[in-house]
Amino acid sequence: AAPTRVFAFRDARWAPDPVLEPSAAVRSPQPAPLVIDNGSFQTRAGWACPDPSVPAEPLLRFRSLAARSRGARGGAGAETQVGNDLGSPEPLRWLLRSPFDRNVPVQLELQELLLDHVFQRLGVSSQGCVDHPIVLTEAVCNPLYSRQMMSELLFECYQVPKVSYGVDSLYSFYHNRRQNWPCSGLVISSGYQCTHILPVLEGRLDAKNCKRINLGGCQAAVYLQRLLQLKYPGHFAAITLSRMEEILHEHSYVAQDYIEELQKWRCPEYYEDNVHKMQLPFSNKLLGSTVASEEKQEKRQQQLRRLQELNARRREEKLQLDQERLDRLLYVQELLEDGQMDQFHKALVELNMDSAEELQSYINKLSLSVEQTKQKILQSEVSIEVDVVDSKPETPDLDPLGSEQSLEDVESINEFEPLFAEEQPEVEKPVAAVQPVFNLAEYHQLFLGTERIRAPEIVFQPSLIGEDQAGIAETMQYVLERYSKEQQAILVQNVFLTGGNTMYPGLKARIQKELLEMRPFQSSFQVSLASSPVLDAWYGARDWAVEHMNREEGWISRKDYEEKGGEYLKEHCASNVYVPIRLPKQAPRAAEAPSRASGTGNPGEQA
């Protein structure tokens, strides 16, 4: 028998980042560069210092999110929380804000909050400025406006001495290929928001042939959430995005052949062997099993006593109302006996009656009803048994001012009165503890079958979620076809996978299968995965910063910023290609003056 695959959600809470005390080596003999991997999913920051006392790893790792609470009514104002200080994203899901649109920072106010958090928690102690060089990652083919706003923020707000921009996936490629650098290859980078296909020739990015797919881990998590919410509508609120990301990271995989894998899942034995059961939190306490039988019996008696009091009150109200109606009818009968015929007939019309016989009939019925009610009240006072609530239909209102029902309706209702006789309740028996008739834990389990492969498949088949885009395989083939056969052979010898969305088991084999189908017969290719797909971008940026710490290559100084603008970029091995803004040339004003003069003429001559 296959082992039971039941997994519990960790629902881990983020621990707030401490304020770190920087080592003296980051200040002397010169300020060490500060490396920030500014990702749309996670921000990673640390020092680029060759001194062994400084850790060669990111000291800060937090989600690129911020939330601003509205504050209490009577006191404290709004409070802003960033990254790990949020604790858990789910309670604040509707307040969360990100500076990124796809993978491009556009909300610079939120970006400033993230940078403030980085500088504060890393212990940057310089007064009024940040006197460390900054190495910052940016998106592939980053818009000039976004880089201009980022440079303005760094140079004007933080007064940094110099800054360098690079592409995260190229830094990762540089970190894993430093021994053979410069080299060529095809970089496939899949992150939280986007997937990129980047051709690298002789160590430099060929930006003209880069392609982007607007799909990543975020869209896979949303798709998985919708699948499970449709499958388990009873657990709609418990199926959160954070739990879907946990399923993607730990329980999903990429099928080498999607259709063939779906056929395998149709087999019951394969399903039982490979299904993963995710245990949702639940309470094992039932109402019937937690209350003792004596307490339940006492509670039941209290309820019955309250019903008895309510029943007696209703009988008294009914007796009073019937007595008032009977007195009214007897008064009309006295008018007949006194010979006041005019007033008698007028009263009959108001009561909607036709004759004295009909009046007498209603008097008899009401008299009988009053006597029966009085007897029931007397019996309830001396009886030990508890009466149930009176279920008899009340006699319709005969008030001449508001009555619209005829006495024939009342008579027809009274004919059915014996059918609604009151019943005495049986003696309550002690109730035993209620035992669940089904496995409560199994009811709170999510069975992950084909969902394990359907969510990661969207980067290969975007049509699964209705996106009109090409998948990784088609885009990779399109990029390769833009090169000659010799260049294609060089690129496919070094296909490099990086990014957090490439950590699915089976992704490397799937890329190899797709390349085998698109490449010529007996041609060779090589696919490799980054040693650490998530952190290699930061490690590569640190390697570059340590090597170029005392060089001018790749660094934008404050003088360059003031002379050439915020969009200026100094290229290096892991950077974007700088495309300056080309403004249309304006005609010189000196050439416009003669034409204006010839058009207007001499005012004196015209006169």
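- The protein chain goes by Actin-related protein 5 in an unreviewed UniProt entry, where it is assigned to Emberiza fucata.
- Reading the Subcellular location (unreviewed entry) entry of the UniProt record for the protein chain gives the comment "Nucleus".
- Per UniProt, the protein chain carries the Sequence similarities (unreviewed entry) text "Belongs to the actin family. ARP5 subfamily."

### Points about the sheet that holds strand β6 (residues 80-82)
- Taken in spatial order, the 3 strands make up an open sheet running β6-β5-β7, and their pairing is antiparallel. Two strands in the sheet have a free side with no partner beyond their single neighbour: β6 and β7 (96-97).
- Against the sheet, helix α1 (residues 108-121) engages β5 (66-68), β6 and β7, with an angle of about 65° to β6.

### Description of the nonpolar core
- In terms of nonpolar packing, the biggest core is built from 43 residues, with Leu 228, Ile 247, Leu 446, Met 476, Leu 480, Ile 511 and Leu 515 touching the most fellow members.
- At the level of elements, β12 (185-190), α4 (217-231), α5 (241-251), β17 (445-448), α15 (472-480), α16 (485-492), β18 (495-498) and α17 (507-518) are the ones that each hand at least two residues to this core.
- Top element by residues in this core is α4. It accounts for 6 residues.
- Beyond its immediate sequence surroundings of up to four residues, Met 476 is in contact with Leu 186, Ile 188, Ile 197, Ile 511, Leu 515 and Met 518.
- Ranked by size, the runner-up nonpolar core spans 36 residues in total, among them Ala 32, Phe 62, Met 150 and Phe 155.

### Thoughts on the state of the cysteines
- This model, assessed by the stated rule, comprises 0 disulfides.
- The closest cysteine sulfur to the non-disulfide-bonded Cys 210 is located on Cys 141, 4.8 Å from its own sulfur.

### With respect to the packing of α1 against helix α2 (residues 144-157)
- Taken N-terminus to C-terminus, the directions of α1 and α2 make an angle of 50°; their axes are 11 Å apart at the nearest point. Put simply, α1 runs oblique to α2. Crossing of α1 against α2: the hand is right-handed. For the pair α1 and α2, contact is made by Leu 108, Gln 111, Glu 112 and Leu 115 and by Met 149, Met 150, Leu 153, Leu 154 and Cys 157, respectively.
- Its residues assigned to classes, the contact of α1 with α2 shows 7 nonpolar, 1 polar and 1 charged.

### What about the pattern of salt bridges?
- If you walk through the whole model with that rule in mind, you get 24 salt bridges.
- Put simply, Glu 457 and Arg 510 hold a salt bridge, and the shortest N to O gap is 2.8 Å. You can see Glu 457 sitting in the loop between α14 (451-454) and α15 and its partner Arg 510 sitting in helix α17, a full 53 residues away along the chain.
- Classification of Glu 457 as buried rests on a relative accessible area of 1%.
- Arg 510 gets classed as buried once you look at its relative accessible area, which sits at 6%.
- One network of salt bridges, with partners in common, ties together Arg 178, Arg 542, Asp 543 and Glu 547.

Procedures and definitions
Counting of residues starts from 1 at the beginning of each chain's written sequence and follows it residue by residue. In keeping with the model being predicted, local features are shown solely for residues with a pLDDT of at least 70 and side-chain atom pairs are shown and tallied solely at 80 or more, while totals for entire chains, interfaces and linings include all residues. Side-chain measures were taken over the full set of non-hydrogen atoms in the model, leaving aside hydrogen atoms and water. UniProt positions are given in the numbering used here, feature names are shortened, and annotations may be inferred rather than shown by experiment. Strands qualify as paired when DSSP identifies two bridges or more between them. For the purposes of this entry, the term helix denotes a DSSP run of H or I that reaches at least four residues, the term strand denotes a run of E that reaches at least two, and both are numbered from the N terminus. Note on definitions: a residue-residue contact is assigned when non-hydrogen atoms from the two residues lie within 4.5 Å. With axes taken as lines fitted to C-alpha atoms, and helix axes fitted only over the stretch in contact, angles between N-to-C directions fall between 0 and 180 degrees. Only buried residues count toward a nonpolar core. Its members are Ala, Val, Leu, Ile, Met, Phe, Trp, Tyr and Cys residues joined through side-chain atoms within 4.5 Å. Partly exposed residues are those whose accessible area sits between 20% and 50% of the maximum for their type, while under 20% is buried and over 50% is exposed, using a 1.4 Å probe and protein chains only. Disulfides are defined as pairs of cysteine sulfur atoms found within 2.5 Å of each other. Each angle is binned into one of four classes, with values under 35 degrees roughly parallel, values over 145 roughly antiparallel, values of 65 to 115 roughly perpendicular, and all other values oblique. By convention the crossing between two helices is left-handed if the near helix lies anticlockwise of the far one by an angle smaller than a right angle, and right-handed if it lies clockwise. In this classification, the charged set is Asp, Glu, Lys and Arg, the nonpolar set is Ala, Val, Leu, Ile, Met, Phe, Trp, Tyr, Cys and Pro, and all remaining amino acids, among them Gly, are polar. Only one rule defines a salt bridge in this text: a Lys or Arg side-chain nitrogen within 4 Å of an Asp or Glu carboxyl oxygen.

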